[in-house]
Amino acid sequence: MAGRLASLLAGGTASAARKTLDGVYAHTPPGVIKFNDVVIASGEGCWLTTTDGRKLLDMASGIGAVSTGHCHPAVVAAVQAQAARVVHAQQNVVGAHTAMVDLFDRLSGVLPSSLDQYFLANSGAEAVDNAVKIAKAATGRPNVIAFEGGFHGRTLGAMALTSSKTIYRQGFGPTMAGVHIAPYPYCLHCKAQAARGHAGYPTVTGERRCAEISCCGGPLDSLEWMLATQSAPSDTAAIILEPILGEGGFVAPPPGFLAGLRRLCDKHGILLIADEVQTGAGRTGLWWGHQHWLPDPSSASSPSSSAPANGGGPDLLVFAKGIASGYPLAGVATRRELVPAERMPPGTLGGTYGGNAVACAAAAATIDVINNERLTDNAQERGQQLREGLVKLASELPPGLIADVRGRGLMVGVEFGGVTDGGSAAPRFATPKKGVAYAVTKASAARDMLLLTAGARESVRFLPPLTITAAEVDIALGVFGEAVREVAAKQ
Ligand SMILES: Cc1ncc(COP(=O)(O)O)c(C=O)c1O
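Residues numbered from 1 in each chain as written. Predicted model: local features only at pLDDT ≥ 70, side-chain atom pairs only at ≥ 80, totals over all residues. Heavy atoms only, no water.

## Concerning the side chain of Thr 68
The line we're drawing: Per the convention used, a helix needs a DSSP run of H or I reaching at least four residues, while a strand needs a run of E reaching at least two, with both numbered from the N terminus. Residues are treated as being in contact if the distance between any of their heavy atoms lies within 4.5 Å.
Tracing the sequence through the fold places Thr 68 in the loop between helix H3 (61-64) and helix H4 (73-85). Apart from residues no more than four positions distant in its own chain, Thr 68 is found in contact with Val 75, Ser 325, Thr 366, Val 369, Ile 370, Leu 375 and Thr 467.

## So, the site of the ligand
This is how it is decided: It suffices for a single heavy atom of a residue to lie within 4 Å of a molecule or strand for the residue to be listed as near it. Any pair of nitrogen or oxygen atoms within 3.5 Å is treated as a polar contact; in protein, a donor-acceptor pairing is required on top of that, and neighbouring residues in sequence qualify only through side-chain atoms on both sides. Using a 1.4 Å probe, accessible areas were evaluated by the Shrake-Rupley method; residue-level cover was limited to the displayed protein chains.
Residues in close proximity to the ligand include Ser 123, Gly 124, Ala 125, Phe 151, His 152, Gly 153, Glu 242, Asp 275, Val 277, Gln 278 and Lys 321, which together make up its full environment. Between the ligand and the protein, one listed contact pairs a nitrogen atom with a backbone N or O atom of Phe 151 at 3.4 Å. Contact between the ligand and Asp 275: a nitrogen atom at 2.7 Å from a side-chain N or O atom of the residue. With the chains in place, 81% of the 390 Å² that the ligand exposes on its own is no longer accessible.

## Quick word on the sheet that holds strand S13 (residues 449-450)
Put simply, the rule is: Each pair of strands is called paired provided DSSP finds at least two bridges between the two strands.
What the 4 strands build is an open sheet, ordered S1-S2-S3-S13; its pairing is mixed. Only two strands of the sheet have a single neighbouring strand rather than two, namely strand S1 (40-44) and S13. Strand direction decides the pairing type here: strand S2 (residues 47-50) and strand S3 (residues 55-58), joined by 3 bridges, are antiparallel. Considered in S3, the bridge of Thr 49 is made with Lys 55.

## A short note on the sheet that holds strand S12 (residues 411-416)
Let me state the cut-off plainly: Geometry is summarised by axes, namely lines fitted to C-alpha atoms with helices restricted to the contacting stretch, and by angles between N-to-C directions that run from 0 to 180 degrees.
Strand order in the open sheet formed by 4 strands is S11-S12-S15-S14, with antiparallel pairing between adjacent strands. Here the strands that pair on one side only, and so sit at the sheet edges, are strand S11 (402-408) and strand S14 (452-454). Taking the axes of each pair of neighbouring strands and ignoring which way they run, one obtains an average angle of 30 degrees across the sheet. Bridging between S12 and strand S15 (residues 459-462) involves 4 bridges; their strand directions are antiparallel.

## Brief notes about the packing of helix H5 (residues 98-110) against helix H11 (residues 357-372)
Our working definition: Each crossing is labelled by how the near helix is turned from the far one, with a counterclockwise turn of less than a right angle marking it left-handed and a clockwise turn marking it right-handed. Side-chain classes follow a simple rule in which Ala, Val, Leu, Ile, Met, Phe, Trp, Tyr, Cys and Pro form the nonpolar group, Asp, Glu, Lys and Arg form the charged group, and the remainder, Gly included, forms the polar group.
The interhelical angle for the contact between H5 and H11, taken along N-to-C directions, is 35 degrees, at an axis separation of 8 Å. The handedness of the crossing between H5 and H11 comes out as left-handed. Mapping the contact onto sequence places Ala 99, Met 100, Asp 102, Leu 103, Arg 106, Leu 107 and Val 110 in H5 and Ala 357, Cys 360, Ala 361, Ala 363, Ala 364, Ile 367, Asp 368 and Asn 371 in H11. For the contact of H5 with H11, a count of residues per class yields 11 nonpolar, 1 polar and 3 charged.

## Digging into the nonpolar core
Basically, it comes down to this: Among buried residues, the Ala, Val, Leu, Ile, Met, Phe, Trp, Tyr and Cys ones that are joined through side-chain atoms within 4.5 Å form a nonpolar core. Burial classes follow relative accessibility: with a 1.4 Å probe on protein chains only, a residue under 20% of its type's maximum area counts as buried, one over 50% as exposed, and anything between as partly exposed. Domain delimitation follows an automatic or database domain assignment.
Ile 323, Phe 416, Phe 462 and Phe 480 are the most contacted members of the largest nonpolar core, which has 67 residues in total. When residues of this core are assigned to their parent elements, the largest contribution, 10 residues, is made by H11. When we break this core down by domain, the ones giving at least three residues each are domain 2 (35-64 + 374-490) and domain 3 (74-372). Leave out the neighbours within four places in its chain, and Phe 416 touches Leu 401, Ile 402, Ala 403, Pro 432, Val 436, Ala 437, Val 440, Glu 458, Val 460, Phe 480 and Val 484.

## Looking at the pairing of S2
Inspection of the sheet shows S1 paired to S2 by 4 bridges, in the antiparallel sense. Looking at the pairing, Ser 42 lines up with Thr 49 of S2. Count of turn residues in the S1/S2 antiparallel hairpin: 2 residues, of which Gly 45 carries a positive phi of about 60 degrees. In sequence, S2 turns back onto S3 through a hairpin of 4 residues, with Gly 53 there showing a positive phi of about 90 degrees.

## Description of the layout of surface pockets
Put simply, the test is: For cavity detection a 1 Å grid was placed over the protein atoms alone, and a set of points counts as a cavity when a 1.4 Å probe fits there but cannot get out; an open set counts as a pocket when protein lies on both sides within 12 Å along at least five of seven lines, with lining residues being those that have an atom within 4 Å of a point. Grid points are joined across faces, edges and corners, and a volume is the space filled by probe spheres set on the points.
One number sums up the size of the second largest pocket: a volume of about 570 Å³. What lines the second largest pocket is a set of 23 residues, and nearest its centre among them are Gln 117, Tyr 118, Phe 119, Arg 336 and Leu 349. Of all the elements in the fold, those that place two or more residues in the lining of the second largest pocket are H5, strand S4 (117-121) and strand S10 (330-334). Of all the elements, S4 adds the most residues to the lining of the second largest pocket, at 4 residues.

## Observations concerning H5
To be explicit about the condition: In this analysis, the expected span of each helix is defined as 1.5 Å times one less than the number of residues it contains. The directions from the helix axis to the C-beta atoms are what the arc is built from.
Helix length check: H5, at 13 residues, gives a terminal C-alpha distance of 19 Å against a target of 18 Å (1.5 Å per residue), a fit within 8%. Those residues of H5 that fall on the buried side of the exposure criterion are Ala 99, Met 100, Leu 103, Leu 107 and Val 110. Around the axis of H5, the buried residues are gathered within 90 degrees of arc, so they sit on the same side. Across from the buried face of H5, at angles greater than 90 degrees, the exposed residues are Thr 98 and Gly 109.

## Brief notes about the environment of Val 110
For Val 110, the position within the fold is in helix H5. The buried category is assigned to Val 110, whose relative accessible area is 8%. Along the sequence, Val 110 and Ile 367 sit 257 residues apart, while their C-alpha atoms lie 8.2 Å from each other. Each residue touching Val 110, except ones within four places of it in the same chain, is listed here: Trp 287, Trp 288, Ile 367 and Asn 371.

## Concerning the pairing of S11
The buried count for S11 comes to 7 of 7 residues, which makes it a mostly enclosed element. The sheet contact formed by S11 and S12 spans 6 bridges and is antiparallel. Each residue of the ladder has a partner; that of Arg 408, found in S12, is Met 411. Hairpin remark: S11 followed by S12, antiparallel, with 2 residues in the connecting loop; positive phi at Gly 409, about 55 degrees.

## Some points on the packing of aromatic side chains
Which entries qualify depends on this criterion: Aromatic rings from Phe, Tyr and Trp, taking only the six-membered ring of Trp, are treated as a pair when their centres fall within 6.5 Å; an angle between ring planes under 30 degrees marks them as stacked, one over 60 as edge-to-face, and anything in between as tilted.
Evaluation of the coordinates by the stated rule reveals 10 aromatic pairs. Both rings, one in Phe 147 and one in Tyr 184, keep their centres 6.1 Å apart while their planes meet at 75 degrees; by these two values the pair is edge-to-face. Of this pair, Phe 147 sits in strand S5 (residues 143-147) while Tyr 184 sits in the loop between strand S6 (179-182) and helix H8 (191-195), and the two are 37 residues apart along the sequence. On the basis of relative accessibility, which here comes to 2%, the residue Phe 147 falls in the buried class. The buried category is assigned to Tyr 184, whose relative accessible area is 7%.

That's the geometry; what it means functionally is another story.
As structure tokens, this is what we get:
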């Protein structure tokens, strides 16, 4: 079989690629969704090349993992050198390997200074599971609260915290006990905002920006109510949130929400877990997404001696994806007092491949590239260019077709609004036709650009490599505009 696939790949034509895929799909459970029927031969920067010679602009970057672009030379060199030195010096069998030493050094430079304990794993979901285990052991409490629309992974533990779509749980229940799901401040669909006629909500034409809207307070009230009626504070180990909903639709919280959440956690002795798997590693224009709303003690000019141990930030931070440019490395960062040997004795945390030497080398090189090439600045600048271009596009389309343009840095989401059967646009907050977002991603792919949908509503997400250039953003905007117009014309 391997030989047959290899010879078909070598053929390099569209029909050879089709046959190759048929061969692969024959062995792939249908549950593994495939959005684009292409076979990738190579990648460079923001571009992937297929076996039949197509060049695809990658605005998905492996769901946000390929932060430094495909095959960044510095990451390739670090990986090649490490692969020739030692690949696997297992983290429990030996004390460390040099790639881990380098990575810990780099992590201490980019993580909030209060989070100085690092547990390394392989995937975001595995790291989320371990963050929850740490929170339970540290507090001696059984329950966890997560948010509506959150995505935390596909393991049995992380799946129970996930509510961005039912498909992630369908047929796999019952889910882990002790999980409660709280409302998230999704302002575009907030009933309080609707009752005010969405007066405070930013319009897509840009005269009011997200930063100006303040939370109606409903979600924090609901959390307090949940603690009064469903999960007593003394039973609640942690609240886990993505600083910006990722898979749930790239929804950023309104100002005040995260600060209110931090205060609520402090009041009840509940740990705050920031799932930065998608928002971390520079994606939002800062090293970590939560830093847009919660102060970072390590960057404070004069840290106060009365500052809380958590420094006003999360108690646990989960990282993965962009931290290693596509290599499988994830982790949990926390404080020493939350992982004491009395509660988590040697053996309670581990895993065969966690802290794999090649993955560590990729992560250390990635952190250097993000810092040396100022990719957080690029994420801010190119993200702004992208959002402004999308806002302009929205203003050229029938009003309401693009209901929302949102996000931070290079985590940019577009939500579609209602379109009438006659093809004209319905009022902005009307329900769009099901499948519009997916159709736009297919129309983009037909024009050689990879794009992803997000969440249970009609949204698409742009999350290109952080190295994307201004010219590439312009190409993406042009392709997206054509794709949206084509889909709208067929509505
Ligand atoms: C916020 C968040 N948490 C956790 C995960 C799970 O990560 P992984 O797919 O590496 O298990 C994801 C993946 O998309 C994610 O976006």
